[in-house]
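Results of the structural survey
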Amino acid sequence: MILSAEFPLSLETDWIAPQSIRVPDFHLRNWLLDTGSLTERLQSHCRQFRVQLLGQAPLPLLDNEREQMGPVDYLVREVILWGDDRPWVFARSLLPRALCEQDRGELSNLGEKPLGSILFNDARFERQPFQVTRLSAAHRLQSALKLPGTQVLWGRRSVFHYLQWRMMVAEVFLPQCPAYKQMGAPHAG
Ligand SMILES: C=C(O[C@@H]1C=C(C(=O)O)C=C[C@H]1O)C(=O)O
């Protein structure tokens, strides 16, 4: 299973401090603000976890990314995270191009290896506070991913500081993600 989508999909949305927005339920809020590896949490909810790479290339940033990331070049990486053949997360990450091409070569050819396997295995990556976002059912991401577009989607983003570098990770929970209480599903922790 793959989701066909153009690259970059981008992610035009407003990002808000968590204390300034009401998240509908505690379960979702817990997922949105979990500072651990999303990859690891998703892996605990499925038998087969997979990263589908939509693309990774040097690209311009959105205005509301650039204002946090400073005047350096970035590789934009966009992926879909799958759990047991269900698309669970769209992620857009900004990787400093010079870092990828110098010190951390493994970042430039990450491919379908989860980014979290690097970020959460090196204490020098220091996560900064989250911002959250609410995408309406009509948001273009839903139509671009050919999702049913019948529900509001929630996402989060944070900057990781690494030495003199900044890296941003933004994740949107897609409709089947365990971050939402699935109708009729037994309560998942
Ligand atoms: C940052 C993490 O890595 C995950 C994997 C990503 C990737 O491979 O591009 C992007 C965002 C994350 O959902 C994580 O596991 O928390």
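Residues numbered from 1 in each chain as written. Predicted model: local features only at pLDDT ≥ 70, side-chain atom pairs only at ≥ 80, totals over all residues. Heavy atoms only, no water.

As a reminder of what qualifies: UniProt positions are given in the numbering used here, feature names are shortened, and annotations may be inferred rather than shown by experiment.
Per an unreviewed UniProt entry, the protein is named Probable chorismate pyruvate-lyase, and its organism is Bowmanella dokdonensis. As recorded by UniProt, the Sequence similarities (unreviewed entry) comment attached to the protein reads in full: "Belongs to the UbiC family." Looking at the protein in UniProt, the text filed under Pathway (unreviewed entry) is "Cofactor biosynthesis; ubiquinone biosynthesis."

**Describing the site of the ligand**
Threshold: Note on terminology: near, applied to a residue and a molecule or strand, indicates that one of the residue's heavy atoms is within 4 Å of it. For this analysis, a polar contact is any N or O atom pair within 3.5 Å, provided that within protein one partner can donate a hydrogen and the other can accept it, and provided that sequence-adjacent residues contribute only side-chain to side-chain pairs. Accessible areas in this description were obtained via Shrake-Rupley with a 1.4 Å probe; residue shielding takes into account the shown protein chains only. What counts as a helix is a DSSP run of H or I of at least four residues, what counts as a strand is a run of E of at least two, and both are numbered from the N terminus. Only Asp, Glu, Lys and Arg are considered charged, only Ala, Val, Leu, Ile, Met, Phe, Trp, Tyr, Cys and Pro nonpolar, and every remaining residue, Gly among them, polar.
Around the ligand lies a shell of 16 residues, among which Ser37, Leu38, Thr39, Arg77 and Glu171 are the nearest. Between the ligand and Gly116, the relevant distance is 2.9 Å, taken from an oxygen atom to a main-chain nitrogen or oxygen of the residue. Starting from 380 Å² of accessible surface for the ligand in isolation, the protein chains cover 100%. At the level of elements, α2 (38–43), β2 (74–83), β3 (86–96), α6 (116–119) and β7 (165–173) are the ones that each hand at least two residues to the shell around the ligand. Ranked by the residues each element gives to the shell around the ligand, the list is headed by β2, at three residues. Its residues assigned to classes, the shell around the ligand comprises nine nonpolar, four polar and three charged.

**Considering the nonpolar core**
Among soluble globular proteins, nonpolar side chains are generally buried collectively. Keep this limit in mind: Joining through side-chain atoms within 4.5 Å is the link that ties buried Ala, Val, Leu, Ile, Met, Phe, Trp, Tyr and Cys residues into a set, and such a set is a nonpolar core. Only protein chains enter the accessibility calculation, which uses a 1.4 Å probe; a residue is then buried when its area is under 20% of its type maximum, exposed when over 50%, and partly exposed in between. Any two residues whose heavy atoms approach within 4.5 Å are treated as being in contact.
Within the largest apolar cluster, 38 residues are counted, with the highest numbers of intra-cluster contacts made by Leu42, Val89, Phe90, Leu145 and Phe173. When sequence neighbours within four positions are dropped, the list of residues in contact with Leu145 reads Leu3, Ala5, Leu9, Ile80, Phe90 and Leu174. Listed in part, the 15 residues of the second largest apolar core include Leu99, Cys100, Tyr162 and Val169.

**Examining unusual backbone geometry**
A cis amide bond links Phe7 to the next residue, Pro8, at an omega of 0°. Along the chain, the position of Pro8 falls in the segment before α1 (26–32). The phi angle at Asp85 is positive, at roughly 65°, despite the residue not being glycine. You can see Asp85 is positioned in the loop between β2 and β3. Residue classification places Asp85 among the partly exposed positions, given a relative accessible area of 38%. Although it is not a glycine, Lys146 sits at a positive phi angle of roughly 55°. Within the fold, Lys146 resides in the loop between α7 (140–144) and β6 (153–162).

**What about the UniProt feature "binding site: substrate" (unreviewed entry) in the protein?**
UniProt marks Arg77, Leu115 and Glu171 with the feature "binding site: substrate" (unreviewed entry), using the numbering shown here. Their sequence span is 95 residues, while the largest C-alpha to C-alpha distance among them is just 12.1 Å; these annotated residues converge on one region. Relative to the elements of secondary structure, Arg77 occurs in strand β2. According to the relative accessible area criterion, Arg77 is buried, its value standing at 3%. Every residue in contact with Arg77, bar those within four places of it in the chain, is listed here: Val51, Leu53, Gly55, Gln56, Ala91, Arg92, Ser93, Leu95, Leu110, Gly111, Lys113 and Leu115. Its location among the elements puts Leu115 in the loop between α5 (105–108) and α6. Accessibility expressed as a relative area gives 9% for Leu115, which makes it buried. In this view, Leu115 contacts Arg77, Ser93, Leu95, Leu107, Leu110, Met167 and Val169; residues no more than four positions away in its chain are not counted.

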